[in-house]
Amino acid sequence: MQRRLKAIGSASQGSAHPHASRQAQRGFTLIELMIVVAIIGILAGIAIPQYQDYVARSQLSEGINLAAGQKASVTESFSHTGVCPDNASGPTDGIPAAASISGSYIKSVQVGGTASEAGGCTITANFKDGGIAKGLVGKYVKLTMGNADKGSVTWLCQSSADKKFLPKACAQLVTEDDK
């Protein structure tokens, strides 16, 4: 009888042992971890370039805003004198010197151009040569006055920056030679 009990006891211990080892093995398998890493890599591969484009567009908006801030002064000066103001060498007609109009990403905003009946005055925001988004380094945004002879001044927006960074109202690209 004791032999029988010992056999039953050892059989029950043997059947309990595999369950105990399964409970001790918890966690993730290698393949599960590799899948998670691959998903994170794919998401990062999509998100990082999109974020860089977003940063470049926000930096470009500073250039457009600084240039747009000079529109009223340029329009007023042109309407009184018929000549485009030029702030390259110093302040003129209430417009500060080009180097004085700057921002976090803009090194200067230059006002000038060749006057015509339709306008022709330009406002150019020049981006810095470093410390900004790669797509904007050394680029510019230029606003050109038009339609002044018809009583309603318009501003054409041009830029040497990549088209993907430009707002729809400023979608015309210009080469460096046109600057």
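Here the structure is shown first, and the text comes after it.
Notes on the structure follow.

Before going further, it helps to examine a nonpolar patch on the surface. On the surface, L30, I31, M34, I35, I39 and L43 cluster together into a nonpolar patch covering about 630 Å² of accessible area. Mapped onto the elements of the fold, I31 is located in helix α2 (residues 30-68). For I31, a relative accessible area of 53% puts it in the exposed group.

On to the packing of aromatic side chains, then. Applying the stated criterion across every chain yields a total of one aromatic pair. Taken together, a centroid distance of 6.3 Å and an interplanar angle of 35° make the contact between Y51 and Y54 tilted. Taken together, the positions of Y51 and Y54, both in helix α2 and three residues apart, correspond to about one turn of that helix. Overall, Y51 belongs to the exposed group, its relative accessible area being 53%.

Attention now moves to the state of the cysteines. All told, the structure shown has two disulfides when counted by the stated rule. Between the sulfur atoms of C84 and its disulfide mate C121 the distance is 2.1 Å. Negative torsions about the S-S bond denote left-handed disulfides, and the value of about -95° found for C84 with C121 makes this one left-handed. Note that C84 is positioned in the loop between α3 (71-81) and β1 (106-116) and C121 in strand β2 (residues 119-127), a separation of 37 residues in sequence. The two residues C84 and C121 agree in class, both being buried. Paired through a disulfide, C157 and C170 show a sulfur-sulfur distance of 1.8 Å.

On to the pattern of salt bridges. According to the stated counting rule, one finds three salt bridges in the structure shown. K164 is paired through a salt bridge with D53; the nearest N and O atoms lie 3.7 Å apart. With K164 in the loop between β4 (154-159) and β5 (172-173) and D53 in helix α2, this residue pair connects regions lying 111 residues apart in the sequence. Classification of K164 as exposed rests on a relative accessible area of 51%. Its relative accessible area of 16% is what places D53 among the buried residues.

By the burial criterion, the buried members of α3 are V74, S77 and F78. What you see down the axis of α3 is that its buried residues fit within an arc of 100°, all on one side. Every exposed residue of α3 that faces more than 90 degrees away from the buried side is listed here: A72, S79 and H80. Looking at the packing, one finds that the buried side of α3 touches β1, β2, β3 (140-146) and β4. Phi for G82, located one or two positions after α3, is positive at around 75°.

The next point concerns the nonpolar core. Residues L60, V74, I123, F127, L136 and V141 are the most contacted members of the largest nonpolar core, which totals 27 residues. Put simply, the parts of the chain that give this core at least two residues each are α2, α3, β1, β2 and β3. Ignoring sequence-local partners within four residues, the contact set of I123 consists of A67, Q70, K71, V74, V109, Q110, V111, V141, K142, L143 and W155.

Of all the nine residues making up β2, nine are buried; the element is thus mostly covered by neighbouring parts of the structure. Between β1 and β2, which pair antiparallel in sequence order, lie two residues. As defined by bridge partners, β2 adjoins β3 across five bridges and the pair is classed as antiparallel. Across the sheet, the residue bridging to A125 is V141, located in β3.

Quick notes on the rules
Residues numbered from 1 in each chain as written. Predicted model: local features only at pLDDT ≥ 70, side-chain atom pairs only at ≥ 80, totals over all residues. Heavy atoms only, no water. Patch = residues over 30% accessible without salt bridge, like charges linked within 9 Å, V, L, I, M, F, W, Y side chains within 5 Å. Areas by Shrake-Rupley, 256 points an atom, 1.4 Å probe, with all protein chains shown as cover. Salt bridge = Lys/Arg side-chain N within 4 Å of Asp/Glu carboxyl O. Helix = DSSP H or I, 4+ residues; strand = E, 2+ residues; numbered from the N terminus. Buried < 20%, exposed > 50% of the residue type's maximum accessible area, 1.4 Å probe, protein only. Phe/Tyr/Trp six-rings, centres within 6.5 Å; stacked < 30°, edge-to-face > 60°. Disulfide = S-S within 2.5 Å. Arc of directions from axis to C-beta. Contact = heavy atoms within 4.5 Å. Core = buried A, V, L, I, M, F, W, Y, C linked by side-chain atoms within 4.5 Å. Pairing = 2+ DSSP bridges.

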